[in-house]
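# Geometric and topological summary
Chain by chain, the residues run as shown.
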Amino acid sequence: MKIAVINSGSSSIKFQLFDMNTELVLASVLVEKIGEFSSSTIFKHNEKKVVITSVIDNHHEGLKNIIILLSQNNIIKDFSSLDAIGHRVVHGGEEFKKSTLIDEYVINKIRELIPLAPLHNPANLEGITISRKKAPFVKQIAVFDTAFHSTMPKEAYLYALDYEMYEKHKIRRYGFHGTSHSYVLKETAKIFKKSVDELNIITLHLGNGASACAIQNGKSIDTSMGFTPLEGLIMGTRSGDVDPAIIIYMQRELGMGVDEVDNLLNKKSGLLGICGSNDVRSIIESDSEKSKLALNMMIRRIKKYIGSYMALLGRVDAIVFTGGIGENSQYIRDKVLDNHLAGSIKILVINTDEELEIARECIKVLEK
Ligand code: ADP
């Protein structure tokens, strides 16, 4: 069974082709900097790696090149020979609690959700529309970053704002990185030789974007990202939690515009804002005071979330680290855990695989 996974971002396409009988990757293609002069396509197949640098004007061209590469290397002739195509969709709002077979209704709903994810959903939709044109008879499935968190109780997902903000405008916590939290939960269950609903764990996805999740009996009951991915942990370039009055102050007293504040919080804050870099590996190696401060701030925030999730969960079977930082940095893991959290909690490091999780979700949907 061959399943392709497409993660179509604003200026990139990440493509992986799986043989789902073995769960092995048959080929992967990364198209980057779409619409720029320095676009590149990196193709990997077995031991082979090819880097092509040619201007790619749009997603249509990017996907066309992917198909050409797959065909030239005799992997598949075109998309019509696939059993399914899984698409990562960032925002599923309140509508999508599970991965879903894509039809016109689903496409319209994802489009309606654009105001909630103005950067991501349009790019995800672009990938969906183009691949439906390329393979009109192949089942296409949307897998949402938010879906795993749809089990959060109301007291977790509501903000204490005028209730109308929720009812009329759907302002609530949605949470993201759901595919990753869900993947590492299932891997944890395999390690424990238990079913997921027997597990209470805290998962920490620490990459350039970062989020924590409290999982009770296999269900997300709280997560650090909120209405958007800006809330929660201190990230590469995002501030995470700040007093919301700061935003009012910036606008009212500092005369900053809406886009300027948006850009500051999402792109110029976090580790980058404090020490000038968002690359944790090099921040650890640097001995500047600001680098140390940035790391300490990030670590402290993670600890605060772990503490609050322990209080929510009561019993915690494991704390699971994943994402580029979580998987690779013993230093950060040690610092986060240096207060010797209760001895009965297992500490696990699990490499996340969001693409494989999307392919597995496709099979679940196909089986229905
Ligand atoms: P993204 O969210 O963009 O997918 P990743 O999950 O790849 O990001 O994580 C990127 C982060 O992981 C960077 O800050 C990088 O410095 C960090 N990282 C990768 N390898 C290491 C390492 N060996 N030690 C410390 N940090 C690392």
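Going by an unreviewed UniProt entry, the protein chain carries the name Acetate kinase and comes from Candidatus Sulfurimonas marisnigri. The UniProt entry for the protein chain carries the following text under Sequence similarities (unreviewed entry): "Belongs to the acetokinase family."

What follows covers the UniProt feature "active site" (unreviewed entry) in the protein chain. The sites that UniProt annotates as "active site" (unreviewed entry) are Asp145. Checked against the element boundaries, Asp145 lands in the loop between strand 8 (139-144) and helix 4 (154-157). Of the residues examined, Asp145 reaches a relative accessible area of 2% and is grouped as buried. With sequence-adjacent residues up to four places away left out, Asp145 is seen in contact with Arg88, Val89, Val90, Gly175, Phe176, His177, Gly178 and Thr179. A distance of 2.6 Å separates polar atoms of two side chains, one belonging to Asp145 and the other to Arg88.

Attention now goes to the pairing of strand 11 (residues 219-223). Counting buried residues along strand 11, four of its five residues qualify, which places the element largely inside the surrounding structure. Where strand 10 (residues 210-216) lies against strand 11, four bridges are found, and the strand directions are antiparallel. Counted as the bridge partner of Ile215 is Ser220 from strand 11. Hairpin connection, strand 10 to strand 11: the antiparallel pair is bridged by two residues, and Asn217 has positive phi, about 45 degrees.

The next subject is the packing of aromatic side chains. Taken as a whole and assessed by the stated rule, the structure comprises six aromatic pairs. Pairing Tyr305 with Tyr309 gives two aromatic rings, centres 5.8 Å apart and planes at 70 degrees, and the pair type is edge-to-face. Remark: Tyr309 and Tyr305 occur in helix 11 (residues 289-313); sequence separation between them is four residues, near one turn of the helix. The exposure class of Tyr305 is buried, given its relative accessible area of 13%. By relative accessible area, Tyr309 is classed as buried at 3%. Every member of this aromatic cluster is reached through a ring pair, and the members are Tyr157, Tyr163 and Tyr166. In this structure, Lys170 packs its charged tip against the face of Tyr166, placed 5.3 Å from the ring centre. The positively charged end of Arg172 is found above the aromatic ring belonging to Tyr157, 3.6 Å away from the centroid.

Let's shift gears to unusual backbone geometry. For residues that are not glycine, phi is negative in most cases, and the peptide bond is trans in most cases. One non-glycine residue, Asn46, adopts positive backbone phi at about 50 degrees. Of note, Asn46 is situated in the loop between strand 4 (40-45) and strand 5 (48-52). In this model, Lys193 sits at a positive phi of 55 degrees, which is unusual for a non-glycine residue. With a relative accessible area of 76%, Lys193 lands in the exposed category.

UniProt annotation of "binding site: Mg(2+)" (unreviewed entry) refers to Asn7 and Glu354 when read in the numbering used here. In sequence the annotated residues extend across 348 residues, while in space they remain close, none of their C-alpha pairs exceeding 9.8 Å. Turning to its location among the elements, Glu354 is positioned in helix 14 (residues 354-367). The exposure class assigned to Glu354 is partly exposed, which follows from its relative accessible area of 22%. Glu354 has contacts with Thr179, Ser180 and His205, leaving out every residue within four places of it along the chain.

As a matter of local geometry, the ligand sits amid Gly207, Asn208, Gly209, Asn278, Asp279, Val280, Arg281, Gly323, Gly324, Ile325, Asn328 and Ser329. One nitrogen or oxygen atom from the main chain of Ile325 is found 3.4 Å from an oxygen atom belonging to the ligand. Expressed as a share of its isolated accessible area of 580 Å², the protein-covered part of the ligand is 65%. Sorting the residues of the shell around the ligand by element identifies helix 10 (280-285) and helix 12 (323-328) as the ones contributing at least two each.

The next subject is the sheet that holds strand 3 (residues 24-32). Across the sheet, eight strands lie side by side as 5-4-3-2-1-6-8-7; this open sheet has mixed pairing. Edge strands, defined here as strands with exactly one partner in the open sheet, are strand 5 and strand 7 (100-101). Note: strand 3 against strand 4, five bridges, orientation antiparallel. Among the inter-strand pairings, Val29 is bridged to a residue of strand 4, identified as Phe43.

Considering the arrangement of structural elements, one finds Ser8 in strand 1 (residues 2-8). The buried category is assigned to Ser8, whose relative accessible area is 2%. Among the polar contacts made by the side chain of Ser8, one reaches the main-chain carbonyl oxygen of Ala123 at a distance of 2.7 Å. Those residues in contact with Ser8 that sit more than four places away from it in its chain are Ile13, His59, Ala123, Asn124 and Gly127.

If you trace the five strands from one edge of the open sheet to the other, you get 11-10-9-12-13, paired in mixed fashion. Looking at which strands have only one partner, the edges of the open sheet turn out to be strand 11 and strand 13 (346-349). In this sheet, adjacent strand axes meet at a mean angle of 25 degrees when their direction is disregarded.

Criteria and thresholds
Residues numbered from 1 in each chain as written. Predicted model: local features only at pLDDT ≥ 70, side-chain atom pairs only at ≥ 80, totals over all residues. Heavy atoms only, no water. UniProt positions renumbered as here; feature names shortened; annotations may be inferred. Helix = DSSP H or I, 4+ residues; strand = E, 2+ residues; numbered from the N terminus. Buried < 20%, exposed > 50% of the residue type's maximum accessible area, 1.4 Å probe, protein only. Contact = heavy atoms within 4.5 Å. Polar contact = N/O pair within 3.5 Å; in protein donor to acceptor, adjacent residues only side chain to side chain. Pairing = 2+ DSSP bridges. Phe/Tyr/Trp six-rings, centres within 6.5 Å; stacked < 30°, edge-to-face > 60°. Lys NZ or Arg CZ within 6 Å of the ring centre and 35° of its normal. Near = heavy atom within 4 Å. Areas by Shrake-Rupley, 256 points an atom, 1.4 Å probe, with all protein chains shown as cover. Axes fitted to C-alpha atoms, helices over the stretch in contact; angles between N-to-C directions.

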